[in-house]
Amino acid sequence: MLVAPVHAAPTPPADGKGRPAKAPAAPAPPASMSTVGGSLLGQPGTQVNLLPGAPALPTNLTGRSWIVADAESGEVLAAYNAHWRLPPASTMKMLFADTLLPGLPKEQVHKVTDKDMDGVGPGSSLVGVKEDHEYSVHDLWLGVFLRSGNDAVHVLSAMNGGVEKTVKDMQAHAEELQALDTHVVSPDGYDAPEQVSSAYDLTLIARSGLQKQDFREYCGTASAKFPGLQEPGKPRDHFEIQNTNRLMTGAGGLSPYKGIAGVKNGTTTMAGSTFTGAAQQGSRKLLVTVMNPGAGGANSVYEETAALFDWGFAAAGKVKPVGELVPPKSADTSPHGSPAQSHENNASADGLVPGGGMGTALGVAGGALVVLAGGGPRPAGQKVRSVRQVAWLEGLVRSKVVPERRPSGPRTPVYRPTGPWFQPTTK
């Protein structure tokens, strides 16, 4: 088993948030990392096998770690320090949602108490949950996915039995998914010593989440109405919230990415900017994760993700995979390499420093998920701002082992999610 060097994670600043600061000299990745998913993924640096006619990788990439993978087959097309254990910021909320979504009925209503909000860190991103007000689970998930609300995360955690139980549940689920670079300390991704994940793990977690209909629908929602103050004798106020995924909404001067559907972004002082995205063009479905670009600026993580999406779609059939996204333990029948460290073995971060066209879209309104035909009326209070938004449609994707013939050998069981994933509203 390869063992990565252990480094103590520094204590985060008091606010736990902020813009990523440029370091005078970026630390190098460990010389040996996890080999889960293939031996090449455990090596530092760029891993790619270009076949004749393949496009070159983008030259302007500054992320400390990134990965491009086929969402359906799980083939890793290219990677850079894929298993480098780094702070994840709010991309950790993907694991939170994938763990808790199946167990909390979305119509359940909860009255928020002061205790529910304990532990929400100073400077946290908030959706605006108020004590002594009632919210449905559906409302709270909108707050998690669209506004990255740590307040909504803590209320859902309270409904799950508390933050401590939720962290344990998340850690157990990460291990079931074989996301063995991941060590959970806070359910919302707020900066904490030894809280880490990797580009590989975040992509694995996103792939698992996207097999759940509610997860697909929430992360594919561009904007929604969120409950506001409730005054006696008056209808409850609502206010609009918009997804913080700039590749979906086109905020910050970016153009919405063709075929984008999510999944989750994050920014903290220790993590810098992180983002995992899913997109489809034609029949090709890709997952891309970028962690902590050194270029600086609020848009760099999105720009580098878009560049890797462009490359991945152009490279279809022109690269030899350098690894794979492994199945969960319960579906796995063969070895896939070794983790550099399990979370019990002093998990810590390495190198921490402070389009257009008619289609079908999905709306969320009035506590119900509604499919909207292109051009049809939208429900009251619900807007789908980006014409390039991807709607996650129809049915729960079921994962199973499917025999697949590979060119160089006999039939081998290959884990492959099957069923409808997502359909772009743009061509």
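Refer to the structure presented above.
The rules behind these values
Residues numbered from 1 in each chain as written. Predicted model: local features only at pLDDT ≥ 70, side-chain atom pairs only at ≥ 80, totals over all residues. Heavy atoms only, no water. Helix = DSSP H or I, 4+ residues; strand = E, 2+ residues; numbered from the N terminus. Buried < 20%, exposed > 50% of the residue type's maximum accessible area, 1.4 Å probe, protein only. Salt bridge = Lys/Arg side-chain N within 4 Å of Asp/Glu carboxyl O. Axes fitted to C-alpha atoms, helices over the stretch in contact; angles between N-to-C directions. Parallel < 35°, antiparallel > 145°, perpendicular 65-115°, else oblique. Left-handed = near helix turned anticlockwise from the far one by under 90°. Contact = heavy atoms within 4.5 Å. Nonpolar A, V, L, I, M, F, W, Y, C, P; charged D, E, K, R; others polar. Pairing = 2+ DSSP bridges.

Colleague: Explain unusual backbone geometry here, please?
Modeller: Of all residues except glycine, most have a negative phi; of all peptide bonds, most are trans. For the bond from G262 to V263, the omega torsion is 25°, close enough to zero to count as cis. Looking at the element boundaries, V263 is found in strand 8 (residues 260-268). Unusually for a residue other than glycine, N81 sits at a positive phi of about 50°. Assignment of secondary structure puts N81 in the loop between strand 3 (75-80) and helix 1 (92-100). Take N81: its relative accessible area is 2%, and that puts it in the buried class. The backbone of N292 shows a phi angle near 55°, a positive value even though the residue is not glycine. Position of N292 relative to the elements: it lies in strand 10 (residues 284-293). Given the relative accessible area of 11%, N292 is considered buried.

Colleague: What is the right way to look at the environment of G37 in this model?
Modeller: You can see G37 is positioned in the segment before strand 1 (46-50). For G37, a relative accessible area of 5% translates into the label buried.

Colleague: What is the right way to read the pattern of salt bridges from this model?
Modeller: Opposite charge on two side chains permits pairing when their charged atoms draw close. Taken as a whole and assessed by the stated rule, the structure comprises seven salt bridges. The partner of D70 in a salt bridge is R284, and the shortest N-O contact between them spans 3.4 Å. Within this pair, whereas D70 is found in strand 2 (residues 63-70), its partner R284 is found in strand 10, the two being separated by 214 residues in sequence. Since its relative accessible area comes to 9%, D70 is described here as buried. K165 serves as the salt-bridge partner of D169, at 2.8 Å between the closest nitrogen and oxygen. With D169 and K165 both in helix 4 (residues 163-176) and four residues apart, the pair spans about one turn of that helix. Under the relative-accessibility criterion, D169 is labelled partly exposed at 25%.

Colleague: Help me understand the packing of helix 1 against helix 2 (residues 137-147) in this model?
Modeller: In a pair of packed helices, the angle between the axes and the distance between the axes together describe the arrangement. Axis separation between helix 1 and helix 2 bottoms out at 10 Å; the angle between their running directions is 155°. With respect to helix 2, the axis of helix 1 lies roughly antiparallel. Crossing angle aside, the handedness with which helix 1 passes helix 2 is left-handed. Across from K93, F96, A97 and L100 in helix 1, the residues of helix 2 making contact are W141, V144 and F145. Class assignment of the residues belonging to the contact of helix 1 with helix 2 gives a composition of six nonpolar, no polar and one charged.

Colleague: Teacher, can you tell me more about the packing of helix 1 against helix 3 (residues 150-159) here?
Modeller: Interhelical geometry of helix 1 versus helix 3 gives an angle of 30° and a closest axis separation of 12 Å. The angle between the axes of helix 1 and helix 3 places the two elements in the roughly parallel class. Considering how the two elements wind past one another, helix 1 and helix 3 form a crossing that is left-handed. Note on element contacts: helix 3 touches helix 1 through N150, V153, L156 and S157, opposite K93, F96 and L100. For the contact of helix 1 with helix 3, the residue count by class is four nonpolar, two polar and one charged.

Colleague: I keep staring at the pairing of strand 8 and nothing clicks. Help me out?
Modeller: In summary, the side chains of a regular strand alternate between the two faces of the sheet. For strand 8, the tally of buried residues reaches eight of nine residues, placing the bulk of the element in the interior. In this sheet, strand 9 (residues 272-281) lies alongside strand 8 in antiparallel orientation, the contact comprising eight bridges. Looking across to strand 9, one finds that T267 is bridged to S273. Hairpin connection of strand 8 to strand 9: three residues between the antiparallel strands.

Colleague: What exactly am I supposed to notice about the pairing of strand 10 here?
Modeller: Among the 10 residues that make up strand 10, nine are buried, leaving the element largely enclosed by the rest of the structure. Note: strand 2 against strand 10, seven bridges, orientation antiparallel. Across the sheet, W66 pairs through a bridge with V290, a residue of strand 10. Linking strand 9 to strand 10, which pair antiparallel, is a turn of two residues; within it G282 sits at a positive phi near 65°.

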